[in-house]
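Architecture and fold: a report
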Amino acid sequence: MTEAWSPRVTRVLAPNPSPLTLEGTNTFVVAEPDAATAVVIDPGPADDGHAQAVVRACAGRRVELVLLTHTHVDHAEGARAFAGRAGAPLAALAPGWASPGAPVLAAGDPLAAAGLELRPLPTPGHAADHCCFELAAERAVFTGDHVLGRGTTVVEWPGGDMADYLASLELLRDRRPERLYPGHGPLVGDAVARVEGYLAHRLDREAQVLAALAAGDRTPAEVVARVYAAVDPALHPAAELSVRAHLAKLAGEGRAVADGDGERFHPAGPGQG
Ligand SMILES: [Zn+2]
């Protein structure tokens, strides 16, 4: 399904719905209306029909650049083939993913393409190689899986890092965006409030994880059973990755203690934090 989300931004929905990907991955075609070229962000899964829909959404424009927010399969599986067929460079933060000659993604080093300026915002947390892209012309940010169109995202231990994730949410909030174009789900109009909501949610979860340890839970699965009791059990395996990321952060801060194999945790004793 292809939909114009602004005069510059067209969303093409990939056919990969699931509890974690919501309706599917959002692939974006971005260009100034009078530009002869376009930028494609997150080509999505390897699916010929989807790739053809993205090409149609380019409306005759040449693809000048392909960007990845991160390299999870639902965003990146089809990226190399798409960029190859389009003859466009593929740029990503993840080592080994960028094509030769692709622009390097760095904070403070805006990309000029398709008549636009896109500023990379490295935002590790959901994944170590995650990068958002700020579209200056709209005070908008393409957020990948850093912030979704609804619900919350997963910080997948061990690839993701909860302390990094919270710092990256603060970075995004401090850009004061007006709208977010997420990798899954609908356009977010109340951007700063949404990011603040994500920060509050993570700190709530952290407090709940600490309370679960204090109540006697020791394994990540025990903590999930208590903290995520109201959440669809189909999401519990993903929730366990986020709980492990919370526990790793708390252990790193001395607020919880990991036993030898890292599979059991207990509260830090008095005087330890
Ligand atoms: Zn992801």
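All figures in this text were calculated on a predicted structure; none of them were measured in a lab.

Before going further, it helps to spend a moment on the coordination of the zinc ion. Reference values for coordination geometry: four tetrahedral donors around a metal ideally subtend 109.5 degrees, six octahedral donors ideally subtend 90 or 180 degrees. Donor atoms from the polypeptide that bind the zinc ion are His 70 (NE2), His 72 (ND1), His 126 (NE2) and Asp 145 (OD), placed at 2.2 Å. His 126 gets classed as buried once you look at its relative accessible area, which sits at 4%.

To continue, consider the nonpolar core. Residues Val 9, Phe 28, Val 30, Val 39, Leu 67, Leu 135 and Phe 142 are the most contacted members of the largest nonpolar core, which totals 43 residues. With residues up to four places along the chain from it excluded, the contact list for Val 39 reads Phe 28, Val 29, Val 30, Leu 65, Leu 67, Ala 113, Ala 114 and Leu 118.

Of note, Pro 15 is situated in the loop between β2 (9-13) and β3 (26-30). The exposure class of Pro 15 is exposed, given its relative accessible area of 53%. For the pair Pro 15 and His 50, spaced 35 residues apart in sequence, the C-alpha to C-alpha distance is 7.2 Å. Those residues in contact with Pro 15 that lie beyond four places of it in its chain are Asp 47 and His 50.

So, about the pairing of strand β11 (residues 179-182). Where strand β10 (residues 140-144) and β11 come together, four bridges link them in parallel fashion. Bridge assignment links Phe 142 to a residue of β11, and that residue is Tyr 181. Regarding the hand of the β-α-β motif, the stretch spanning β10, helix α4 (residues 162-174) and β11 is right-handed.

Where helix α5 (residues 191-214) meets helix α7 (residues 236-252), the axes come as close as 10 Å, and the angle between the chain directions of the two elements is 80 degrees. On the basis of the axis angle, α5 is roughly perpendicular to α7. Packed against α5, whose contacting residues are Arg 202, Arg 205, Glu 206, Val 209, Leu 210 and Leu 213, the element α7 presents Ser 242, His 246, Leu 247, Lys 249 and Leu 250 at the interface.

What counts, and at which threshold
- Residues numbered from 1 in each chain as written.
- Predicted model: local features only at pLDDT ≥ 70, side-chain atom pairs only at ≥ 80, totals over all residues.
- Heavy atoms only, no water.
- Donors = N, O, S within 2.8 Å, 3.2 Å for Na, K, Ca; no water.
- Buried < 20%, exposed > 50% of the residue type's maximum accessible area, 1.4 Å probe, protein only.
- Core = buried A, V, L, I, M, F, W, Y, C linked by side-chain atoms within 4.5 Å.
- Contact = heavy atoms within 4.5 Å.
- Helix = DSSP H or I, 4+ residues; strand = E, 2+ residues; numbered from the N terminus.
- Pairing = 2+ DSSP bridges.
- Right-handed = clockwise from strand over helix to strand, strands pointing away.
- Axes fitted to C-alpha atoms, helices over the stretch in contact; angles between N-to-C directions.
- Parallel < 35°, antiparallel > 145°, perpendicular 65-115°, else oblique.

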